[in-house]
Amino acid sequence: MSNDIILSLDQIRYAMGDKAEEFVEVMLIVDDIIENPSRYIGMQAAKYAAVLAAYRTRVIVKAQAYKRNSTIMSNEDKITKDIWYTLHEALEENINTLKLLARSAT
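Given the structure is predicted, the values throughout are model-derived calculations rather than measurements. (Residues numbered from 1 in each chain as written. Predicted model: local features only at pLDDT ≥ 70, side-chain atom pairs only at ≥ 80, totals over all residues. Heavy atoms only, no water.)

## Observations concerning the environment of Ala50
At step 1: Relative to the helices and strands, Ala50 resides in helix 3 (residues 42-68).
At step 2: Residue classification places Ala50 among the partly exposed positions, given a relative accessible area of 47%.
At step 3: A C-alpha to C-alpha distance of 7.7 Å links Ala50 and Ile95, two positions 45 residues apart in sequence. (Helix = DSSP H or I, 4+ residues; strand = E, 2+ residues; numbered from the N terminus. Buried < 20%, exposed > 50% of the residue type's maximum accessible area, 1.4 Å probe, protein only.)

## Structural notes on helix 4 (residues 75-104)
At step 1: Helix length check: helix 4, at 30 residues, gives a terminal C-alpha distance of 44 Å against a target of 44 Å (1.5 Å per residue), a fit within 8%.
At step 2: Taken together, the buried positions of helix 4 are Thr80, Lys81, Ile83, Trp84, Leu87, His88, Leu91, Ile95, Leu98 and Ala102.
At step 3: Close packing links the buried residues of helix 4 with helix 1 (9-16), helix 2 (21-35) and helix 3. (Expected span 1.5 Å × (residues − 1). Contact = heavy atoms within 4.5 Å.)

## Focus: the pattern of salt bridges
At step 1: Taken as a whole and assessed by the stated rule, the structure comprises 5 salt bridges.
At step 2: Among the ionic pairs, Asp32 bridges to Arg39, the shortest N-O distance being 3.4 Å.
At step 3: Of the residues examined, Asp32 reaches a relative accessible area of 19% and is grouped as buried.
At step 4: With a relative accessible area of 49%, Arg39 lands in the partly exposed category.
At step 5: Between Arg56 and Glu92 there is a salt bridge whose closest N-O contact spans 3.7 Å. Within this pair, whereas Arg56 is found in helix 3, its partner Glu92 is found in helix 4, the two being separated by 36 residues in sequence. (Salt bridge = Lys/Arg side-chain N within 4 Å of Asp/Glu carboxyl O.)

Below you can see the structure in the form of structure tokens.
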């Protein structure tokens, strides 16, 4: 029997509540990259690398804000903080890949 936990975007959105807007926007871009990778080459890849880098900045600022309040955090806030940190780490790889795709098309 598998103990894998699979969460949908809707479940994560629900867990984050009204703090999910940027997370959802980033995940829509990531999902589109997965579904349509051939769209993300050259200037399109560079554009989305810049967009995701900007989101990454927002994500780490939010994660740090949650970290500062860690002693008085609700369980929901802890989940949200963990999601922000996870997204921050994951975006680095996506951004680097898009930068490589931008260079390979020139």
